Amino acid sequence: LQQAIHEHPVVLLPSHRSYMDFLLMSYLLYTYDLTLPVIAAGMDFMGMKFVGEMLRMSGAFFIRRSFGGDKLYWAVFSEYVKTMLR
C-alpha cells in the first residue's frame, strides 16, 4: 500500500458494515505515516452526534446520496474528486 500510494492515486472504498470503517482507515494510515484519505460521507452522517463530529474532525466532506438531475451539483462534485486525485 505504501508503494502504491507514492506511485499512483489510490481510492479506498470501505464497506458500510460499520460507520467506524472510515475513521479506522484514517487512523491506520496516520499510524503508518501515510497520506490521510479524503472521506466523502453521506449527508445523513451529519446528524449522527458522535460519528458526524468524528468525520468532520477527520476532514470528511458531506454529499447528497442522490444527485438527481442537478447538473451543477454533479459538475462541482466531479471536479472536486478530480482535484483530490491529482
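Structural notes, computed from the coordinates. What you are looking at is a predicted structure, and each value in this text was computed from that prediction instead of being measured.

Our focus in this paragraph is the overall build of the protein chain. When you go through the protein chain residue by residue, the secondary structure sums to four helices and two strands. Counting from the amino terminus, helix and strand elements in the protein chain follow one another as α-α-β-α-β-α. Overall size of the protein chain, expressed as C-alpha extent along the three principal axes, is 40 × 30 × 20 Å. Considering the protein chain as a whole, with its 86 residues, one finds that 27% of them fall into the buried category. For the protein chain, restricting intrachain contacts to residue pairs at least 6 apart in sequence, the fraction spanning at least 24 positions comes to 26%. Of the roughly 6600 Å² of accessible surface on the protein chain, a fraction of 62% belongs to carbon and sulfur atoms. Here the protein chain holds 8 positive side-chain charges and 7 negative ones, and the gap between their average locations is 9 Å.

Among the surface-exposed residues, Val 11, Leu 13, Val 38, Tyr 80, Val 81, Met 84 and Leu 85 lie close enough to one another that they form a single nonpolar patch of about 620 Å² accessible area. By secondary structure assignment, the location of Leu 13 is in the loop between helix H1 (2-7) and helix H2 (21-31). Given the relative accessible area of 75%, Leu 13 is considered exposed.

Evaluated as defined, the whole model comprises four salt bridges. Two residues, Asp 44 and Arg 65, come together in a salt bridge whose shortest N-O distance is 3.0 Å. Separated by 21 residues along the polypeptide, Asp 44 in the loop between strand S1 (40-42) and helix H3 (49-57) and Arg 65 in the loop between strand S2 (61-63) and helix H4 (71-84) bring together distant segments of the chain. Asp 70 is the salt-bridge partner of Arg 64, the closest N and O atoms lying 3.2 Å from each other. Residue classification places Asp 70 among the partly exposed positions, given a relative accessible area of 28%.

A word on the nonpolar core. Formed by Phe 22, Leu 23, Ile 39, Ala 41, Phe 45, Val 51, Leu 55, Ala 60 and Phe 62, the largest nonpolar core amounts to nine residues. Counting residues per element, the ones that place at least two in this core are H2 and H3.

What follows is about the packing of aromatic side chains. For the coordinates displayed, the defined rule picks out six aromatic pairs. When the centroid spacing of 5.1 Å and the interplanar angle of 75 degrees are considered together, the rings of Phe 67 and Phe 77 count as edge-to-face. Here the residue Phe 67 occupies a position in the loop between S2 and H4, and Phe 77 occupies one in helix H4, the gap between them amounting to ten residues. Between the aromatic rings of Trp 74 and Phe 77, the centroid separation amounts to 6.0 Å while the plane-to-plane angle is 40 degrees, which identifies the pairing as tilted. Of this pair, Trp 74 and Phe 77 both sit in helix H4, separated by three residues, roughly a single helical turn. Clustering of aromatic rings is evident, with ring pairs tying together Phe 61, Phe 67, Tyr 73, Trp 74, Phe 77 and Tyr 80. Lying over the aromatic face of Tyr 73, Arg 64 brings its terminal NZ or CZ to 3.8 Å of the ring centre.

Cut-off values and rules
Residues numbered from 1 in each chain as written. Predicted model: local features only at pLDDT ≥ 70, side-chain atom pairs only at ≥ 80, totals over all residues. Heavy atoms only, no water. Helix = DSSP H or I, 4+ residues; strand = E, 2+ residues; numbered from the N terminus. Buried < 20%, exposed > 50% of the residue type's maximum accessible area, 1.4 Å probe, protein only. Contact = heavy atoms within 4.5 Å. Areas by Shrake-Rupley, 256 points an atom, 1.4 Å probe, with all protein chains shown as cover. Lys, Arg positive; Asp, Glu negative; His and termini not counted. Charge placed at Lys NZ, Arg CZ, Asp CG, Glu CD. Patch = residues over 30% accessible without salt bridge, like charges linked within 9 Å, V, L, I, M, F, W, Y side chains within 5 Å. Salt bridge = Lys/Arg side-chain N within 4 Å of Asp/Glu carboxyl O. Core = buried A, V, L, I, M, F, W, Y, C linked by side-chain atoms within 4.5 Å. Phe/Tyr/Trp six-rings, centres within 6.5 Å; stacked < 30°, edge-to-face > 60°. Lys NZ or Arg CZ within 6 Å of the ring centre and 35° of its normal.

Limitation: the analysis is restricted to geometry and does not speak to function.
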